[in-house]
Amino acid sequence: MKTSSFLNVWRVGTLFALAAVTGFAAPAARDAVTLKVHVNVPPTWSLLVDDRISEMFVDAVRELLARRGFTSPVEEVRFVEDPAKTPYLLTINLMEWRMQRTGAIDCTLAASLQTPRGTKQLGVYHHTSFHWLGSGRFGLAREFDEAASGALNDLCNDLARSELLPGLRVGQRGPSA
């Protein structure tokens, strides 16, 4: 009776030890290829709006890269204390995202990618969509989204062509904007 309970305790202990070793080793391997995205948003009247815009841009980049075959995690970073310690850091500076007097909605952003090989300025991206009067609040939101998606799609195309992200296939393209 004592022998069988000792074997059960030993088996459970071995199982927990394996789980602990596997759990501690997995994050180190995963973090090596994780793309961190930092979005700088111009100041607005509400910090909640700034946070939501940042989340939306990171979600869009995650989706566009996944369509191009990038299987590594894409995570949002709010503050970067030491960029040198972040091996893959995509910084997006949102410069303008507003409606013009003519009804055109402009989205302009600049981006850079930091890798272990150095920092590459990817460039400035601009996309315009048009808002038709009378389309309502949801139509306006969709058109703002189209302007941002177009600029981010061009950014992701340049990321794929740069061949700086491991696992991102060059031949894949997202939907045309």
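These notes cover the structure that comes with them. (Residues numbered from 1 in each chain as written. Predicted model: local features only at pLDDT ≥ 70, side-chain atom pairs only at ≥ 80, totals over all residues. Heavy atoms only, no water.)

## Here we look at the packing of aromatic side chains
Summed over the entire model, instances satisfying the criterion amount to two aromatic pairs. Between Phe-57 and Trp-97 the ring centres are 5.3 Å apart and the planes differ by 90 degrees, which places this aromatic pair in the edge-to-face class. Placement of the pair is Phe-57 in helix α2 (residues 47-67) and Trp-97 in strand β3 (residues 89-99), with a sequence separation of 40 residues. Neither residue differs from the other here; Phe-57 and Trp-97 are each classed as buried. Look at Trp-97 and Phe-144: their rings are 5.8 Å apart centre to centre, the planes differ by 75 degrees, and that puts the pair in the edge-to-face class. You can see Trp-97 sitting in strand β3 and its partner Phe-144 sitting in helix α3 (residues 136-162), a full 47 residues away along the chain. Taken together through their ring pairs, the aromatic side chains of Phe-57, Trp-97 and Phe-144 make up a single cluster. (Phe/Tyr/Trp six-rings, centres within 6.5 Å; stacked < 30°, edge-to-face > 60°. Helix = DSSP H or I, 4+ residues; strand = E, 2+ residues; numbered from the N terminus. Buried < 20%, exposed > 50% of the residue type's maximum accessible area, 1.4 Å probe, protein only.)

## Thoughts on the sheet that holds β3
As summarised here, the arrangement of the five strands in space is β2-β1-β3-β4-β5, forming an open sheet in which the pairing is mixed. The sheet terminates laterally at β2 (74-76) and β5 (118-130), the two strands that pair on one side only. Adjacent strand axes in the sheet meet at a mean angle of 25 degrees when their direction is disregarded. As judged from the 12 bridges shared by strand β4 (residues 104-115) and β5, these two strands associate in the antiparallel manner. In the sheet register, Asp-106 faces β5, and the bridge partner there is Thr-128. (Pairing = 2+ DSSP bridges. Axes fitted to C-alpha atoms, helices over the stretch in contact; angles between N-to-C directions.)

## Some thoughts on the layout of surface pockets
Approximately 250 Å³ is the volume found for the largest pocket. Of all the secondary structure elements, the ones that give two or more residues to the lining of the largest pocket are β1 (35-40) and α2. Considered class by class, the residues forming the lining of the largest pocket number seven nonpolar, three polar and three charged. (1 Å grid on protein atoms, 1.4 Å probe; cavity = no way out; pocket = protein on both sides within 12 Å on 5 of 7 lines; lining within 4 Å. Points joined across faces, edges and corners; volume = space filled by probe spheres on them. Nonpolar A, V, L, I, M, F, W, Y, C, P; charged D, E, K, R; others polar.)

## Regarding unusual backbone geometry
Positioned with a positive phi, Glu-163 is a non-glycine residue whose angle comes to about 60 degrees. By the secondary structure assignment, Glu-163 is in the segment after α3.

## Points about the pairing of β3
Pairing of β1 with β3, which is carried by five bridges, proceeds in the parallel orientation. Counted as the bridge partner of His-38 is Thr-91 from β3. Across 10 bridges, β3 lies against β4 in antiparallel orientation. By the bridge assignment, Leu-90 is partnered in β4 with Leu-113. Where β3 folds back onto β4 in an antiparallel hairpin, the turn is made up of four residues, including Gly-103, whose phi is positive at roughly 100 degrees.

Everything listed is a geometric property; what it means functionally is a separate question.
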